[in-house]
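Listed below, chain by chain, are the residues.
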Amino acid sequence: MIKEILKNITGKKQAIRFPGGSAVSPEDAAKIPALQEGMGKVFRRSLRIRQVDGGSCNACEWECTALTNPVYDVERFGIGFVASPRHADALLVTGPVSRQMELALRKTYLATPEPRLVIALGDCAVDGGIYKGSYAVTDGVANVIPVDCFIPGCPPSPAEIIAGVLRLLEELARRK
Ligand code: SF4
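Residues numbered from 1 in each chain as written. Predicted model: local features only at pLDDT ≥ 70, side-chain atom pairs only at ≥ 80, totals over all residues. Heavy atoms only, no water.

**Student:** Even after reading the chapter, I still don't get the pairing of strand β3 (residues 90-94), so can you show me in this structure?
**Tutor:** Each regular strand carries side chains that alternate between the two faces of the sheet. With five of five residues buried, β3 lies mostly within the body of the structure. Every second residue of β3 is oriented toward a common face, with Ala90, Leu92 and Thr94 on one face and Leu91 and Val93 on the other, all of them buried. Inspection of the sheet shows strand β1 (residues 47-53) paired to β3 by five bridges, in the parallel sense. Bridging from a neighbouring strand, Arg50 pairs with Leu91 of β3. (Buried < 20%, exposed > 50% of the residue type's maximum accessible area, 1.4 Å probe, protein only. Helix = DSSP H or I, 4+ residues; strand = E, 2+ residues; numbered from the N terminus. Pairing = 2+ DSSP bridges.)

In structure tokens:
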């Protein structure tokens, strides 16, 4: 992998394959042009995401960070991260949503312009995960704000995250 990246920096660019075991199947990959067209209708060709840490252990964040590296490179799908919810189409929320983050998440949701999407990322965000039942958490994003897409895993791999987001976009394109 390192060799491939160095080759791209020093020589002619070539596509870098996903590592083995990728969750993005050839069928998903084949849908990408149609998904991008659908995304163009819904979000003007790009999907801007604001990531919100709702009290995660940080492993889900590491996988999100990997989305922008040269291997996964989600920008090629028109997907990118922004610093403010006011510039975002979607919120990508990790963690079980701790009580301390509950109000902040609600405010972030309200600050995101319509039509806004919410993606709950990781087992904790889905239903509290290993923190489920604790007095300190809300047991998942859906107990705080409406959720459009759940991506389970502890943590989900970058390829699984991409596959989840692409399926959400596919559903949006279908609704359009
Ligand atoms: S789902 Fe797993 S990796 Fe993600 S925040 Fe929860 S414990 Fe951490």
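**Student:** Could you clarify how one ought to interpret the site of the ligand in this entry?
**Tutor:** Around the ligand, the structure places Ser56, Cys57, Ala59, Cys60, Gly122, Asp123, Cys124, Ile130, Gly153, Cys154 and Pro155. Only α3 (59-66) and α5 (123-127) provide two or more residues apiece to the shell around the ligand. Looking at side-chain class alone, the shell around the ligand contains seven nonpolar, three polar and one charged residues. (Near = heavy atom within 4 Å. Nonpolar A, V, L, I, M, F, W, Y, C, P; charged D, E, K, R; others polar.)

**Student:** Is there a simple way to explain the packing of aromatic side chains in this structure?
**Tutor:** Two descriptors summarise a pair of aromatic rings, namely the distance from one centre to the other and the angle between the planes of the rings. A complete count under the given rule lists zero aromatic pairs for this structure. The positively charged end of Arg116 is found above the aromatic ring belonging to Tyr109, 4.1 Å away from the centroid. (Phe/Tyr/Trp six-rings, centres within 6.5 Å; stacked < 30°, edge-to-face > 60°. Lys NZ or Arg CZ within 6 Å of the ring centre and 35° of its normal.)

**Student:** Whenever I open this one, the pairing of strand β4 (residues 117-121) confuses me. Can you help?
**Tutor:** β4 sits mainly inside the fold: five of its five residues count as buried. On β4, burial covers both faces: Leu117, Ile119 and Leu121 on one face and Val118 and Ala120 on the other are all buried. One ladder, built from five bridges, connects β3 with β4; its direction is parallel. Paired with Val93 across the strands is Ala120, a residue of β4. For the handedness criterion, the β-α-β arrangement of β3, helix α4 (residues 99-111) and β4 is classed as right-handed. As defined by bridge partners, β4 adjoins strand β5 (residues 149-151) across three bridges and the pair is classed as parallel. Note that in β5 the partner of Leu121 across the bridge is Ile151. (Right-handed = clockwise from strand over helix to strand, strands pointing away.)

**Student:** Help me understand the pattern of salt bridges in this model?
**Tutor:** When charged atoms on two side chains of opposite charge get close, those side chains can pair. One pass over the full model with this rule turns up five salt bridges. The partner of Glu75 in a salt bridge is Arg48, and the shortest N-O contact between them spans 3.7 Å. With Glu75 in the loop between α3 and β2 (79-81) and Arg48 in strand β1, this residue pair connects regions lying 27 residues apart in the sequence. A residue is classified by how much of its surface remains accessible, and Glu75, at 44% relative accessible area, is partly exposed. Arg48 gets classed as partly exposed once you look at its relative accessible area, which sits at 23%. (Salt bridge = Lys/Arg side-chain N within 4 Å of Asp/Glu carboxyl O.)

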